Amino acid sequence: MPYDEDLANRIRELLAGEPNVTEQKMFGGLAFLIGGHMAVAASGQGGLMLRCDPDESDALTAAPHASKMVMRGRAMDGWLRVADDGIKTRRQLEPWVKRGVQYARSLPPKG
(Lines give C-alpha, C1' and ligand atoms only; values in the text may rest on other atoms or scores of the structure.)
Protein backbone atom coordinates (compact mmCIF):
# COMPACT_ATOMS: atom_id res chain seq x y z
CA MET A 1 0.00 0.00 0.00
CA PRO A 2 1.47 3.40 -0.91
CA TYR A 3 1.57 6.06 1.77
CA ASP A 4 -1.37 8.47 2.11
CA GLU A 5 -0.42 11.61 0.18
CA ASP A 6 -3.16 13.61 1.89
CA LEU A 7 -1.65 12.71 5.27
CA ALA A 8 1.81 13.69 3.99
CA ASN A 9 0.42 17.08 2.94
CA ARG A 10 -1.25 17.55 6.33
CA ILE A 11 2.07 16.78 8.04
CA ARG A 12 3.86 19.25 5.72
CA GLU A 13 1.40 21.98 6.75
CA LEU A 14 2.08 21.32 10.43
CA LEU A 15 5.84 21.38 9.85
CA ALA A 16 5.82 24.50 7.67
CA GLY A 17 7.46 26.70 10.34
CA GLU A 18 10.02 24.13 11.46
CA PRO A 19 13.65 24.65 10.40
CA ASN A 20 15.84 21.87 8.99
CA VAL A 21 13.02 19.54 7.90
CA THR A 22 13.80 17.13 5.08
CA GLU A 23 11.65 14.48 3.46
CA GLN A 24 12.82 11.00 2.60
CA LYS A 25 11.09 7.88 1.39
CA MET A 26 11.61 5.29 4.09
CA PHE A 27 9.83 2.16 5.39
CA GLY A 28 7.50 2.24 2.37
CA GLY A 29 6.26 5.69 3.40
CA LEU A 30 7.36 9.30 3.44
CA ALA A 31 9.41 10.31 6.48
CA PHE A 32 9.96 13.82 7.76
CA LEU A 33 13.40 14.20 9.31
CA ILE A 34 14.80 16.90 11.56
CA GLY A 35 18.56 17.08 11.91
CA GLY A 36 18.72 13.77 10.06
CA HIS A 37 16.45 11.98 12.55
CA MET A 38 12.99 10.76 11.65
CA ALA A 39 10.31 12.68 13.53
CA VAL A 40 7.15 11.39 11.84
CA ALA A 41 6.15 9.58 8.68
CA ALA A 42 3.11 8.92 6.55
CA SER A 43 3.39 5.15 6.76
CA GLY A 44 3.21 2.86 3.78
CA GLN A 45 1.14 0.54 5.98
CA GLY A 46 -1.38 3.29 6.71
CA GLY A 47 -1.54 5.82 9.49
CA LEU A 48 1.25 7.78 11.12
CA MET A 49 4.58 6.54 12.36
CA LEU A 50 6.52 8.61 14.88
CA ARG A 51 9.56 8.63 17.12
CA CYS A 52 9.18 9.35 20.80
CA ASP A 53 11.11 9.02 24.02
CA PRO A 54 11.38 5.25 24.59
CA ASP A 55 10.50 5.78 28.26
CA GLU A 56 7.12 7.24 27.22
CA SER A 57 6.14 4.42 24.83
CA ASP A 58 3.93 2.48 27.25
CA ALA A 59 2.05 5.57 28.44
CA LEU A 60 1.51 6.83 24.88
CA THR A 61 0.15 3.52 23.66
CA ALA A 62 -2.66 3.86 26.21
CA ALA A 63 -4.11 6.47 23.83
CA PRO A 64 -6.77 5.19 21.40
CA HIS A 65 -5.40 4.00 18.04
CA ALA A 66 -1.74 4.13 19.17
CA SER A 67 0.55 1.10 19.33
CA LYS A 68 4.23 0.32 19.39
CA MET A 69 5.73 -0.27 15.98
CA VAL A 70 6.66 -3.90 15.42
CA MET A 71 9.92 -4.69 13.61
CA ARG A 72 10.89 -8.30 12.94
CA GLY A 73 8.18 -9.48 15.31
CA ARG A 74 9.33 -7.29 18.20
CA ALA A 75 7.48 -4.26 19.63
CA MET A 76 9.89 -1.33 19.61
CA ASP A 77 10.03 1.26 22.41
CA GLY A 78 10.44 4.76 20.97
CA TRP A 79 8.63 3.97 17.70
CA LEU A 80 4.85 4.33 17.54
CA ARG A 81 2.17 3.79 14.96
CA VAL A 82 -1.11 5.73 15.11
CA ALA A 83 -3.95 4.28 13.04
CA ASP A 84 -5.87 6.42 10.54
CA ASP A 85 -8.84 6.66 12.92
CA GLY A 86 -6.62 8.42 15.45
CA ILE A 87 -5.40 11.16 13.08
CA LYS A 88 -8.47 12.12 11.06
CA THR A 89 -8.53 15.74 12.22
CA ARG A 90 -5.84 18.37 12.70
CA ARG A 91 -6.68 18.33 16.41
CA GLN A 92 -5.86 14.61 16.54
CA LEU A 93 -2.79 14.74 14.27
CA GLU A 94 -1.02 17.83 15.61
CA PRO A 95 -0.07 16.53 19.10
CA TRP A 96 1.50 13.40 17.58
CA VAL A 97 3.49 15.43 15.05
CA LYS A 98 4.65 17.81 17.79
CA ARG A 99 5.76 14.88 19.94
CA GLY A 100 7.79 13.40 17.06
CA VAL A 101 9.38 16.78 16.32
CA GLN A 102 10.20 17.36 19.98
CA TYR A 103 11.95 14.01 20.24
CA ALA A 104 13.88 14.39 16.99
CA ARG A 105 15.06 17.84 18.11
CA SER A 106 16.31 16.33 21.39
CA LEU A 107 18.80 14.14 19.47
CA PRO A 108 22.22 15.38 18.30
CA PRO A 109 22.20 16.29 14.58
CA LYS A 110 23.53 13.60 12.28
CA GLY A 111 26.62 14.17 10.15
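Before reading further, recall that the structure is shown in the block above.
Residues numbered from 1 in each chain as written. Predicted model: local features only at pLDDT ≥ 70, side-chain atom pairs only at ≥ 80, totals over all residues. Heavy atoms only, no water.

Colleague: How would you explain the nonpolar core if you had to name every residue and give the values?
Modeller: Across soluble globular proteins, nonpolar side chains have a tendency to be buried as a group. By size, the foremost hydrophobic cluster in this structure holds 25 residues, and its most contacted members are I11, L48, L50, L93, W96 and V97. If you list the elements that add at least two residues to this core, you get α1 (5–14), β2 (29–34), β3 (37–42), β4 (48–51), β6 (74–82) and α3 (90–106). For this core, the leading source of residues is α3, giving 5 residues. With residues up to four places along the chain from it excluded, the contact list for L50 reads M38, A39, V40, G78, W79, L80, V82, W96, R99 and G100. (Core = buried A, V, L, I, M, F, W, Y, C linked by side-chain atoms within 4.5 Å. Buried < 20%, exposed > 50% of the residue type's maximum accessible area, 1.4 Å probe, protein only. Helix = DSSP H or I, 4+ residues; strand = E, 2+ residues; numbered from the N terminus. Contact = heavy atoms within 4.5 Å.)

Colleague: Explain unusual backbone geometry to me, and be specific about the residues and the numbers.
Modeller: Phi at N20 takes a positive value of approximately 60°, unusual for a residue other than glycine. Mapped onto the secondary structure, N20 falls in the loop between α1 and β1 (21–26). The phi dihedral of R72 is positive, around 50°, even though this residue is not glycine. Take R72: it is sitting in the loop between β5 (66–71) and β6. On the accessibility criterion, R72 (89% relative accessible area) is exposed.

Colleague: Can you explain the sheet that holds β1? Please cite residues and give values.
Modeller: Reading across the sheet, the 6 strands line up as β1-β2-β3-β4-β6-β5 and stay open at both edges, with antiparallel pairing between neighbours. Pairing within the sheet leaves two strands with one partner each, and these edge strands are β1 and β5. For this sheet, the mean inter-axis angle between neighbouring strands, taken without regard to orientation, is 35°. (Pairing = 2+ DSSP bridges. Axes fitted to C-alpha atoms, helices over the stretch in contact; angles between N-to-C directions.)

Colleague: Summarise the side chain of H37; cite the residues concerned and give the values.
Modeller: Here H37 is to be found in strand β3. Here P108 takes part through its backbone oxygen, which lies 2.6 Å from a polar atom of the side chain of H37. With residues up to four places along the chain from it excluded, the contact list for H37 reads F32, A104, L107, P108, P109 and K110. (Polar contact = N/O pair within 3.5 Å; in protein donor to acceptor, adjacent residues only side chain to side chain.)

Colleague: Before we move on, could you go through the environment of L80 and cite the residues and values that matter?
Modeller: Locating L80 in the fold gives a position in strand β6. For the pair L80 and M49, spaced 31 residues apart in the sequence, the C-alpha separation amounts to 5.6 Å. Once residues within four sequence positions are removed from consideration, L80 is found in contact with L48, M49, L50, C52, S57, L60, T61, S67, K68, M69 and W96.

Colleague: Please set out the packing of α1 against α3 residue by residue, giving values where relevant.
Modeller: Two numbers describe how α1 lies on α3: the axes approach to 10 Å, and their chain directions differ by 65°. You can see that α1 and α3 cross each other, and the crossing is right-handed. Residue-level inspection shows L7, R10, I11, E13 and L14 of α1 in contact with α3, the latter providing R90, L93, E94 and V97. A class-by-class count of the residues in the contact of α1 with α3 yields 5 nonpolar, no polar and 4 charged. (Left-handed = near helix turned anticlockwise from the far one by under 90°. Nonpolar A, V, L, I, M, F, W, Y, C, P; charged D, E, K, R; others polar.)

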